[in-house]
Amino acid sequence: MPRGAGRTIAQNKKARHDYFIEETYEAGIVLQGTEIKSIRNGRINLKESFARINKNGEMYIHNMHISPYEQGNIYNHDPTRARKLLLHRKEIDKLIGQTQQKGYSIVPLKVYIKNGVAKVLIGLAQGKKKYDKREALKQKQVKREMDRAIKDSLHK
């Protein structure tokens, strides 16, 4: 199964607009209590979330919002707590080296269920400048117009 395969639960569409994604990594998420139930129900939001490596060499995802489970009890979780990501040591070491370069950060791209386990696809990202974003929007618009013209010419 290719990377990022499985039942997609949430996507960070803004990430590809704001960043150039250089590499992607699949990571497991350490969850508590009823968080997996909320994720399976699609009650997760990746906007404004980011990943960071702490001093101990462990990676955590911050600002990922998982809503409390509705049928939950007193053991519900804090919706935006930092959650540990599970990666191989080699991958973390590689990311440490690359994020120390200017302009690189680690951004979650999507959350999905693979073999019954929640996974997050994270990307090594370099921020886009305003003119890069405008250029990407122009290219997207041109492609859309070309596709529309081709579709119209086929229907005539």
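Here's a quick rundown of the structure.

**So, the overall build of the chain**
Next up, step 1: Summing up its helical and strand segments, the chain has 4 helices and 9 strands in all.
Next up, step 2: Helices and strands in the chain line up, N terminus first, as β-α-β-α-β-β-β-β-β-α-β-β-α.
Next up, step 3: The dimensions of the chain, computed from C-alpha atoms along their principal axes, are 60 × 40 × 30 Å.
Next up, step 4: Of all 156 residues assigned to the chain, the portion counted as buried reaches 35%.
Next up, step 5: A separation of at least 24 residues holds for 66% of the contacts in the chain among residues at least 6 apart in sequence.
Next up, step 6: Working note: accessible area of the chain is about 10,100 Å², and carbon and sulfur atoms make up 50% of it.
Next up, step 7: Taking the average place of the 33 positive charges on the side chains of the chain and the average place of its 16 negative ones, the gap between the two points comes to 2 Å.

**Here's the deal with the nonpolar core**
Next up, step 1: Membership of the largest hydrophobic core comes to 26 residues, with the highest contact counts inside it found for M59, L85, L95 and I122.
Next up, step 2: Among the nonpolar cores identified, the runner-up in size contains 6 residues, and A15, V107, L109 and A125 belong to it.

**Some remarks on the side chain of T34**
Next up, step 1: For T34, the location among the structural elements is in the loop between strand 2 (19–29) and helix 2 (35–40).
Next up, step 2: If we ignore the near neighbours within four places in the chain, the residues touching T34 are Y69, N76 and H77.

**A few points about the pattern of salt bridges**
Next up, step 1: Taken as a whole and assessed by the stated rule, the structure comprises 8 salt bridges.
Next up, step 2: When the shortest N-O distance is used, the salt bridge between E35 and R81 registers 2.9 Å. Remark: R81 occurs in the loop between strand 6 (65–66) and strand 7 (83–86) and E35 occurs in helix 2; sequence separation between them is 46 residues.
Next up, step 3: Here E35 makes a salt bridge to R83, at a shortest N to O gap of 3.0 Å.

**Things to note about unusual backbone geometry**
Next up, step 1: Notably, E48 is not glycine yet its phi reads approximately 65 degrees, a positive angle.
Next up, step 2: Among the secondary structure elements, E48 is positioned in the loop between strand 3 (44–45) and strand 4 (50–53).
Next up, step 3: A positive phi is found at N63, a non-glycine position, where the angle reads about 65 degrees.
Next up, step 4: Along the polypeptide, N63 turns up in the loop between strand 5 (59–62) and strand 6.

**Points about a positive patch on the surface**
Next up, step 1: Residues K140, R144, R148 and K151 make up a contiguous surface patch of positive charge.
Next up, step 2: If you trace the backbone, R144 turns up in helix 4 (residues 130–155).

What counts and how
- Residues numbered from 1 in each chain as written.
- Predicted model: local features only at pLDDT ≥ 70, side-chain atom pairs only at ≥ 80, totals over all residues.
- Heavy atoms only, no water.
- Helix = DSSP H or I, 4+ residues; strand = E, 2+ residues; numbered from the N terminus.
- Buried < 20%, exposed > 50% of the residue type's maximum accessible area, 1.4 Å probe, protein only.
- Contact = heavy atoms within 4.5 Å.
- Areas by Shrake-Rupley, 256 points an atom, 1.4 Å probe, with all protein chains shown as cover.
- Lys, Arg positive; Asp, Glu negative; His and termini not counted.
- Charge placed at Lys NZ, Arg CZ, Asp CG, Glu CD.
- Core = buried A, V, L, I, M, F, W, Y, C linked by side-chain atoms within 4.5 Å.
- Salt bridge = Lys/Arg side-chain N within 4 Å of Asp/Glu carboxyl O.
- Patch = residues over 30% accessible without salt bridge, like charges linked within 9 Å, V, L, I, M, F, W, Y side chains within 5 Å.

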